[in-house]
Amino acid sequence: MQTINKFNFAGKRAIVRVDFNVPLDENGKITDDTRICGALPTLKKILTDGGSVIIMSHMGKPKGKVNAKYSLSQIVDAVSEKLGVKVKFAPDCAKAADAAAALKSGEALMLENLRFYPEEEGKPVGIEKDDPAYEEAKKAMKASQKEFAKTLASYADCYVNDAFGTAHRKHASTAVIADYFDADHKMLGFLMEKEVEAVDTILSNIKRPFTAIMGGSKVSTKIGIIENLMDKVDNLILCGGMTYTFAKAQGGKIGNSICEDDKLDLALDIIAQAKAKGVNLVLGTDCVAADSFSNDAKTQIVPANAIPDGWEGLDAGPETRKAFAKAIEGAKTILWNGPAGVFEFDNFTAGSRAIAEAIAKATKAGAYSLIGGGDSVACINKFGMADQVSYISTGGGALLEAIEGKELPGVAAIKK
Ligand code: AMP
């Protein structure tokens, strides 16, 4: 496989898929530039080598139509400033051949939002799935998606994918475009390489013991990951809102706590699987119960399976936090996805904080720790501990699909 480090970009035009889907305020000002910063090493390497770069991205969900609210023109100045090069702008991503051809060594061009064209996502527009003509429309759209990808590919000599956030999508710019470059002229960017390596460390290159911590609100959205991890981990902590589905499934009283009543059997099945596979499953035994879903609610510590009527479990209790720490501190590989409580409320952060602290301690002692999936990243940032873990993934859905064991189309397209 070609790599960005091996490739010499001198005199070459590179088309680079980045994830510049940054949040903007009502005046179009960027409120968090993490994603732009994430792609800088790749863009700078190409320019420093003496190549030129065509930057392409989506922003928001314009659903295949031009919409000024999602125009990437709003971020061109910020990208220029970060890159240290005045970035040119092509206001129509499908008609940028001349602008691309005019690029000289060291120059950069940014294309308008790819999703202004429905071909980027490749979903037929204005027709519902139950329409008899849907399959035909889908076929026609797939054909025009190929044409769109071919147009984008024609701008450049090589293709770099550095958009991990959309690597789980088979879109024109994330996967289809790769078909128009041979194996020596397509590669992952530095950010993608790091993300892929991080997932590999967790799934294939495991140092034991391996502790995975899955939290968040629901079992249903995490079940694919839980099942994939069950064959790999030594310790599996299931926490957050999931705690109460497990407590109820085992006959506990959970008051008003969040619960998926249609997943009680699944919870029992997970417990049985863990037992059969010799996985140490750590579930909450006590919790911080609140008399309402609010930061200022009255609280009491109660067993997670004996929550009084009118109360709900919003965080892990002290005994549970100790059990979490015990399963984490001795680990050599750690994965954390999803908070252990309603961490958005300052009074219900103790469970997540205990996890973050134990991970930091284990990391200091030599463990590899990967934090991923929006909310656990928000947690670790809220606690100011981002620099005390091994790696924080930038990909939400993409990371979760990778951990489920699915091959990401964005990565597969480069390997082909
Ligand atoms: P998810 O998107 O499934 O990872 O869930 C993240 C959300 O789960 C966060 O917004 C947390 O506030 C929420 N959460 C965690 N623990 C609980 C709980 N005990 N009750 C309700 N929501 C929770």
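What comes next concerns the included structure. (Residues numbered from 1 in each chain as written. Predicted model: local features only at pLDDT ≥ 70, side-chain atom pairs only at ≥ 80, totals over all residues. Heavy atoms only, no water.)

Here's the deal with the site of the ligand
Neighbouring residues of the ligand: 13 residues in total, closest Ser-217, Lys-222, Gly-313, Glu-344 and Asp-375. Contact between the ligand and Ser-217: an oxygen atom at 3.0 Å from a main-chain N or O atom of the residue. Coverage of the ligand by the protein amounts to 80% of the 510 Å² it exposes when considered alone. The residue inventory of the shell around the ligand, partitioned by class, reads 4 nonpolar, 6 polar and 3 charged. (Near = heavy atom within 4 Å. Polar contact = N/O pair within 3.5 Å; in protein donor to acceptor, adjacent residues only side chain to side chain. Areas by Shrake-Rupley, 256 points an atom, 1.4 Å probe, with all protein chains shown as cover. Nonpolar A, V, L, I, M, F, W, Y, C, P; charged D, E, K, R; others polar.)

What to know about the sheet that holds strand 14 (residues 312-316)
Spatial strand order, 12-11-14: 3 strands in an open sheet with antiparallel pairing. On the outer flanks of this sheet lie strand 12 (299-303) and strand 14, each paired with one strand and no other. Across this sheet, the average inter-strand angle for adjacent strands is 45 degrees, counted without regard to direction. Bridging between strand 11 (residues 286-290) and strand 12 involves 5 bridges; their strand directions are antiparallel. (Pairing = 2+ DSSP bridges. Helix = DSSP H or I, 4+ residues; strand = E, 2+ residues; numbered from the N terminus. Axes fitted to C-alpha atoms, helices over the stretch in contact; angles between N-to-C directions.)

Re the layout of surface pockets
Each pocket or cavity is described by its volume, and for the largest pocket that value is around 650 Å³. For the lining of the largest pocket, the secondary structure elements donating two or more residues are helix 1 (34-48), helix 6 (190-203), helix 12 (374-382) and strand 17 (391-392). Each residue belonging to the lining of the largest pocket can be placed in one class, and the counts come to 12 nonpolar, 10 polar and 5 charged. Summarising the domain contributions, the lining of the largest pocket has at least three residues from each of domain 1 (13-193) and domain 2 (206-403). Considering only enclosed or pocket space, the second largest pocket measures out at about 550 Å³ in volume. Together, 20 residues line the second largest pocket, and Arg-115, Gly-165, Thr-166, His-168 and Arg-169 are the ones closest to its centre. When the residues that make up the lining of the second largest pocket are grouped by side-chain class, the tally is no nonpolar, 11 polar and 9 charged. Residues from two domains meet in the lining of the second largest pocket; each of domain 1 (13-193) and domain 2 (206-403) gives at least three. (1 Å grid on protein atoms, 1.4 Å probe; cavity = no way out; pocket = protein on both sides within 12 Å on 5 of 7 lines; lining within 4 Å. Points joined across faces, edges and corners; volume = space filled by probe spheres on them. Domains from an automatic or database assignment.)

Section: the packing of aromatic side chains
By the definition in use, this model includes 5 aromatic pairs. Look at Tyr-159 and Phe-181: their rings are 6.1 Å apart centre to centre, the planes differ by 20 degrees, and that puts the pair in the stacked class. Taken together, the positions of Tyr-159 in strand 5 (residues 158-161) and Phe-181 in the loop between strand 5 and strand 6 (186-188) put the pair 22 residues apart, joining distant regions of the chain. Each residue in the set Phe-293, Phe-345 and Phe-348 is aromatic and connected to the rest through ring pairs, giving one cluster. (Phe/Tyr/Trp six-rings, centres within 6.5 Å; stacked < 30°, edge-to-face > 60°.)

What about the nonpolar core?
Grouped together as the largest cluster of nonpolar side chains are 68 residues, with contacts concentrated most on Ile-15, Leu-111, Leu-229 and Leu-236. Per-element tally for this core: the top contributor is helix 6, with 6 residues. Built from parts of two domains, this core gets at least three residues from each of domain 1 (13-193) and domain 2 (206-403). Discounting residues that sit within four places of it in the chain, Leu-236 has contacts with Ala-212, Met-214, Ile-226, Met-230, Val-279, Asn-280, Leu-281 and Val-282. Formed by 29 residues, the second largest nonpolar core is a distinct cluster that contains Val-18, Val-22, Leu-43 and Ile-55. (Core = buried A, V, L, I, M, F, W, Y, C linked by side-chain atoms within 4.5 Å. Buried < 20%, exposed > 50% of the residue type's maximum accessible area, 1.4 Å probe, protein only. Contact = heavy atoms within 4.5 Å.)

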